Amino acid sequence: MKISLLQQMYKDVLVGIPLAKESHHYASLLNLCVEQSSERDDSCDWMHLLSTNGGIRSHQDTDMSDAVVPTTDDISNSFANVSSSFSPREVMLLQLTLVKMMVAKAESQEIEFNMRQKYCEIFVLLLKEAKIDSKLISLLSSYDQLLSHMASKSLASVVYFQLREENALNVTWLTFSLKTLLGFPVNTHVAECLWTLTTIIKDILNDKVLPKAGILKKLLAPLDAVLEGFYNSILFHHFDSHHYTSPYSEAANNLIGFIDLLEALLASRIELELPLGCQRVLFLKVSYVLNLISSTIHYLFKKKFIMLLKKCVLYKSREDAKSGSPFLQNPSLREDMLALSDAVLQVVNLTWLNQIPLGEKSSYFGGSEAAPGGSDQTVLRALSLIVLKALEFKFQNSATEAEIKGDFQSSMSQLLTFWRSHLKSSPQSHPVVHHCEWLSLIFIEQDDDMWEAAKALLLIYLKFDRLRHDAAANLSQKEEETWNFLTHASGYNPHCIFLFFLEKIAFDSTVLLDFLISSETCFLEYLVRYLKLLRKDWHQFVDVCNHLDTKHDTFESISSAKPPCQEKQSCMTESLQNACCEPEPQTLISLASSHKYLVFTTEQGDSEVAESNQSNSLICTDSTSLLGPHRSLVNYDSSEDSELESDGKECLVNTKQVPLNNEEEMRIRETSCSYADDRQNTLKSEVLPLKQNGSNTSSCLNSAASSCNTIPLRIMLYKSTKCLEELQKAVSRLQRRNLFPYNPSALLKLLSHVENVNKNMNPQ
């Protein structure tokens, strides 16, 4: 019986047993039982497809010369000898599964050459004699969603097979695709066509041997103009929001399929030196998408479009990671990024963010219920990153401060308002009183996005600073104070951002080490840029540390006496406190008399005193692994690669970091944690003893806090520099054991310089 032969063929292909019989025998087994009707009009093809429940679907389809008409009687007669335990539908699904499986085997280099040749012979027969491509196209419009889905996958495999083996595009499929896309919106059945094209592109991108550029151009060039026109049609000319209020309609299915296709086109762009129009249209006409996001369409579509735009703004990072080519040397990418940035900033300044109602936070795995309270943090982060990266691109291409200053302040003001309205403080956390703290609060749960956002703001700061100094050789003290005030008021002071992040992770150097080892974030690039800034801007860093100590009432917590020198702070500090900080309740510190020493920790952003057995997070934290299978955005052979950036100008690097396997990662973590355990005693020896052989520590503290001639206790400065010193020691330790995944020499030089500056400035 045919079903038993198909089952045996499936087992042989799955296991890798050579097919012993002639190719015609196997081609006949895979020949789909879909027959062409003898009566058909060339201008009107009516196809009758078997549905899951035996019903018939009839619709007017595209004008295909090889269109076929399967009827219930035809299929029943063809499978008269099939066992009653298998329906014709199940037999057809098995055939489709075999088609897709055999294409994968035929392209695999792990399969013996003779077996691959056999599979290729079978497919040649299926294409030339059985017209399998036409039959698969007819199955796309079946009411049976599983059958339609499998037909789409199998058709994509057949087209991909011909592209790879014959370097030829399937004419039958191309004709079908052109007719379908050109027929929209009169012909609304376009989702299956979009699925197939998306799958073909993904198959090409996943091929590790195929020369992707030539194959992609052969595939997309004939469809280029049609896809551009379809973009205009579905998103603008014929768009009706009433059709997209539900995610289950046919129109919704078409839109979701098109969003997936746009994502595949975006991913494929990196392979072509000169991108096609269909790969650029999303950038050049992004206003269509921005209008849809703020319209009344269902939240699902808004979220998919927002995540697509996030991929667009991060696209340059992926291209840099692949090629290392400078941004300005790719004119089409520069033009596209500028067009996208201009469009995004234009709508943001028109209160576009406030028109996007975020859905509820969803956190239940595998369920549909939303977690109570709060907004959708994934979308909140994505929208924030879109705005920040748009500002970064705009800054990169601005020649003067005046060109961007107004747009930047307006956009950051809108973004800060947006964050404030959607991020609710928990009862245990302190209220957000500093604009620079928002970044770490928004992105702390998504490390790769967080460092992209922090890097964007750092680049903006560096470019702003360079433009200021280019415009005026010598800046007055008042101008410097105004500049510092604006960096805090707009939430992009790099020292504040870095310190607030350290505070959120309890100044744990093992977390920073995790980020450095990870190949999923751009933390190395960010850290190198920041340490270079810190090297020449140390006094500003110290001022910010002192300001944050004042913010947390650190001095008042240790001693109620206010040092006279604090009364002589500059007007900049006072204005900064008034503009960016609201009064906080004084932090209460209770010291249990049974404890012999004092340990400073950070919890919910507050500085407080904790018992030593509660401060393990400062010693060794079992951080969640950041290594994974995802493609890296920024990788380095050496940390010196990230030194190409100068004065805020765009820096692009080669990305060849070797990913770590689980064993290597565990060795690194064991080494770093053993190092942290080793320094536990050192940390204990550095805490402040409250009672020790009659030593008057309390009077020492009071004396330090009440005299201008004595440097006050700088908690934030001490913790942050201590964290960087511990990071330096951990990286050096791993480097000596050849456990670090790349050469960190340049990074260690920068960390060592920071340590030396700190010791010179604070010899005590």
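Numbering of residues starts from 1 in every chain and runs along the sequence as written. Only residues with pLDDT of at least 70 get local features here, since the model is predicted, and only at 80 or more are side-chain atom pairs given and counted; chain-wide, interface and lining totals rely on the full set of residues. To obtain the side-chain values, all non-hydrogen atoms of the structure were included, while hydrogens and water were left out.

Q: Is there a simple way to explain the overall build of the protein chain in this structure?
A: Helix and strand definitions follow DSSP, with helices as H or I runs of at least four residues and strands as E runs of at least two, each counted in order from the N terminus. The helix and strand inventory of the protein chain stands at 33 helices and five strands. Note on classification: 1.4 Å probe, protein chains only; a residue is buried when its accessible area is under 20% of the maximum for its type, exposed when over 50%, partly exposed between these limits. For the protein chain, the residues scored as buried account for 54% of the 764 residues in total. Counting only contacts in the protein chain whose residues sit at least 6 apart along the sequence, the fraction spanning at least 24 positions is 75%. Values of accessible area rely on a 1.4 Å probe in the Shrake-Rupley scheme; residue burial ignores everything except the protein chains shown. Looking at the protein chain as shown, the accessible area adds up to about 33,800 Å², and 50% of this sits on carbon and sulfur atoms. Residue contacts follow a heavy-atom distance rule, with two residues in contact if any of their heavy atoms lie within 4.5 Å.

Q: When you look at the pattern of salt bridges in this model, what are you seeing that I'm missing?
A: Two side chains with opposite charge may pair up if their charged atoms get near one another. By definition, a salt bridge exists where a carboxyl oxygen of Asp or Glu is found within 4 Å of a side-chain nitrogen of Lys or Arg. Enumeration over the complete set of coordinates arrives at 22 salt bridges. Lys504 is the salt-bridge partner of Glu437, the closest N and O atoms lying 3.0 Å from each other. Taken as a pair, Glu437 in the loop between helix H19 (401-422) and helix H20 (438-443) and Lys504 in helix H23 (residues 494-504) lie far apart in primary sequence, 67 residues in all. Notably, a salt bridge pairs Arg468 with Asp465, separated by 2.9 Å at the nearest N-O pair. With a gap of three residues between them, Arg468 and Asp465 both fall in helix H21 (residues 447-471), about one helical turn apart. You'll find Arg468 and Asp465 in the same group, each marked buried. The network of salt bridges with common partners includes Lys389, Glu392, Glu452, Lys455, Glu525 and Arg529.

Q: Help me understand the packing of helix H6 (residues 132-139) against helix H7 (residues 145-165) in this model?
A: The description of two packed helices rests on the angle between their axes and on the distance between the axes. Packing of H6 against H7 leaves a shortest axis separation of 8 Å and a crossing angle of 150°. The angle between H6 and H7 places the two elements in the roughly antiparallel class. Both H6 and H7 take part in a crossing whose hand is left-handed. Two secondary-structure elements touch here, H6 through Asp133, Leu136, Ile137 and Leu139 and H7 through Leu147, Ser148, Ala151, Ser154, Leu155 and Val158. Residue polarity follows a fixed list, in which Ala, Val, Leu, Ile, Met, Phe, Trp, Tyr, Cys and Pro are nonpolar, Asp, Glu, Lys and Arg are charged, and the others, Gly among them, are polar. A per-class count over the contact of H6 with H7 returns seven nonpolar, two polar and one charged. Lines fitted to C-alpha atoms define the axes here, with helix axes fitted over just the stretch in contact, and angles between the N-to-C directions of these axes take values from 0 to 180 degrees. Orientation is classified from the angle alone, with under 35 degrees giving roughly parallel, over 145 giving roughly antiparallel, 65 to 115 giving roughly perpendicular, and any other angle giving oblique. Crossings are assigned a handedness: left-handed for a near helix turned anticlockwise from the far helix by less than a right angle, right-handed for a clockwise turn.

Q: Teacher, can you tell me more about the packing of aromatic side chains here?
A: Pairs were defined over the aromatic rings of Phe, Tyr and Trp, the Trp ring being its six-membered one, requiring ring centres within 6.5 Å. Orientation was assigned from the angle between planes: stacked under 30 degrees, edge-to-face over 60, tilted for the rest. Considering all chains together, one arrives at 29 aromatic pairs under this definition. Each ring, one from Phe408 and one from Phe464, has its centre 5.7 Å from the other, and the planes form 80°; the classification is edge-to-face. Placement of the pair is Phe408 in helix H19 and Phe464 in helix H21, with a sequence separation of 56 residues. With relative accessibility at 1%, the residue Phe408 sits in the buried group.

Q: Can you walk me through the nonpolar core in this structure?
A: As a rule of thumb, nonpolar side chains are buried together in soluble globular proteins. Counting 204 residues, the largest nonpolar core has Trp173, Leu219, Leu235, Trp419 and Leu516 as its most contacted members. Of all the elements, helix H18 (residues 377-396) adds the most residues to this core, at twelve residues. Trp419 has contacts with Leu380, Ser384, Trp438, Leu439, Ile442 and Phe443, leaving out every residue within four places of it along the chain. Note on terminology: a nonpolar core comprises buried Ala, Val, Leu, Ile, Met, Phe, Trp, Tyr and Cys residues joined through side-chain atoms within 4.5 Å.

Q: Help me out: how do you make sense of the side chain of Asp336 in this one?
A: One can find Asp336 in helix H17 (residues 331-348). The buried category is assigned to Asp336, whose relative accessible area is 0%. Excluding residues that lie within four positions of it along the chain, Asp336 makes contacts with Arg269, Arg280, Phe283 and Leu284.

Q: Teacher, can you tell me more about the environment of Lys135 here?
A: Of note, Lys135 is situated in helix H6. Judged by relative accessible area, Lys135 falls into the buried class, the value being 11%. Distance from Lys135 to Leu155, taken between C-alpha atoms, is 9.3 Å for residues 20 residues apart in sequence. Any pair of nitrogen or oxygen atoms within 3.5 Å is treated as a polar contact; in protein, a donor-acceptor pairing is required on top of that, and neighbouring residues in sequence qualify only through side-chain atoms on both sides. Of the polar contacts made by the side chain of Lys135, one reaches the side chain of Asn31; its length is 2.6 Å. Looking at Lys135, its side chain comes within polar contact range of the main-chain oxygen of Ala130, at 3.3 Å.

Q: Any chance you could explain helix H8 (residues 171-182) here in plain terms?
A: A rise of 1.5 Å per residue sets the reference length of H8, with its twelve residues, at 16 Å; its end C-alpha atoms lie 16 Å apart and thus fit the reference within 8%. The complete set of buried residues in H8 reads Thr172, Trp173, Leu174, Phe176, Ser177, Thr180 and Leu181. Looking at the buried positions of H8, the neighbouring elements they touch are H6, H7, helix H9 (191-206), helix H10 (212-220) and helix H11 (224-237). Regarding H8, its N-cap is Asn170, as a side-chain oxygen of that residue lies 3.1 Å from the backbone nitrogen of Thr172 further along. Here, expected helix span is obtained from the residue count minus one, scaled by 1.5 Å.

Q: What should I look at first to understand the confidence of the model for the protein chain in this one?
A: Detail in the predicted coordinates should be disregarded across regions flagged by low pLDDT. A score from 0 to 100, pLDDT tells how confident the predictor is in each residue. Chain-level statistics for the protein chain give a pLDDT mean of 75 and a share of 67% at 70 or above. Here strand E3 (residues 597-603) stands out as the least confident element of the protein chain, with mean pLDDT 34; H8 is the most confident, with 96. Across residues 323-328, confidence stays below pLDDT 50; counting only partners more than four residues off in sequence or on other chains, it has 18 contacts. Across residues 554-659 the pLDDT falls below 50, and counting only partners more than four positions away or on other chains, this stretch makes 251 contacts in the model.

Q: What am I meant to see in the side chain of Asp537 here?
A: Following the sequence through the fold, Asp537 ends up in the loop between helix H25 (523-536) and helix H26 (538-551). Notably, Asp537 is buried but unbridged: the nearest opposite-charge side chain belongs to Lys536, and the N-O separation is 8.1 Å. Setting aside its immediate chain neighbours within four residues, Asp537 contacts Tyr461 and His495. Counted charges follow a simple rule, with Lys and Arg positive, Asp and Glu negative, and His plus the chain ends left uncounted.

Q: Would you explain the packing of H25 against helix H33 (residues 745-761) in this entry?
A: Relative to each other, H25 and H33 sit at 35°, their axes nearing to 10 Å. Our pair here, H25 against H33, has a crossing hand that is left-handed. Note on element contacts: H33 touches H25 through Leu747, Leu750, Leu751, His753 and Val754, opposite Leu524, Leu527, Val528, Leu531, Lys532, Leu534 and Arg535. Taken together, the residues of the contact of H25 with H33 sort by class into nine nonpolar, one polar and two charged.

Q: Hey, could you run me through helix H1 (residues 2-15) in this one?
A: In an α-helix, one turn spans 3.6 residues, which is why side chains three or four residues apart end up on the same side. Taking 1.5 Å of rise per residue, the 14 residues of H1 would be expected to cover 20 Å, and the 20 Å separating its terminal C-alpha atoms lies within 8% of that figure. If you check which residues of H1 are buried, you get Lys2, Ile3, Leu6, Met9, Asp12 and Val13. Residues of H1 that are buried in the fold lie against helix H2 (23-30), helix H4 (88-107) and helix H5 (113-128). Directly beyond the C-terminal end of H1, a positive phi value near 100° is found at Gly16.

Q: Where do I start with the state of the cysteines in this structure?
A: Two cysteines, two sulfur atoms, one covalent bond between them: this is a disulfide. In what follows, a disulfide is any cysteine sulfur pair within 2.5 Å. Scanning the entire structure with this criterion turns up zero disulfides. There is no disulfide at Cys545, and the cysteine sulfur nearest it, in Cys496, is 8.9 Å away.

Q: Would you mind going over the environment of Lys532 with me for this structure?
A: Position of Lys532 relative to the elements: it lies in helix H25. Sequence separation between Lys532 and Leu751 is 219 residues, and the spatial gap between their C-alpha atoms is 9.6 Å.

Q: Got a minute to help me understand unusual backbone geometry in this structure?
A: Keep in mind that most residues, glycine aside, have a negative phi and that most peptide bonds are trans. The linkage connecting Phe184 with the following residue, Pro185, adopts the cis geometry, with an omega of 10°. Positive phi outside glycine occurs at Thr351, with the angle close to 60°. Structurally, Thr351 is set in the loop between H17 and H18.

Q: Would you explain a nonpolar patch on the surface in this entry?
A: Candidate patch residues must exceed 30% relative accessible area and have no salt bridge, after which like charges are joined if within 9 Å and Val, Leu, Ile, Met, Phe, Trp or Tyr side chains if within 5 Å. A grouping of Leu14, Val15 and Ile17 is seen on the molecular surface, where their side chains present a nonpolar patch of about 280 Å² in accessible area. Turning to its location among the elements, Leu14 is positioned in helix H1.

Q: In this structure, what is going on with the environment of Leu216? I would like to understand it.
A: Residue placement: Leu216 occurs in helix H10. Here Leu216 falls in the buried class, since its relative accessible area comes to 0%. Considering only alpha carbons, one finds Leu216 and Leu265, 49 residues apart in sequence, at a separation of 9.9 Å. For Leu216, the residues in contact, after removing those within four places along its chain, are Ile201, Ile204, Leu205, Ala221, Ser268, Glu271 and Leu272.

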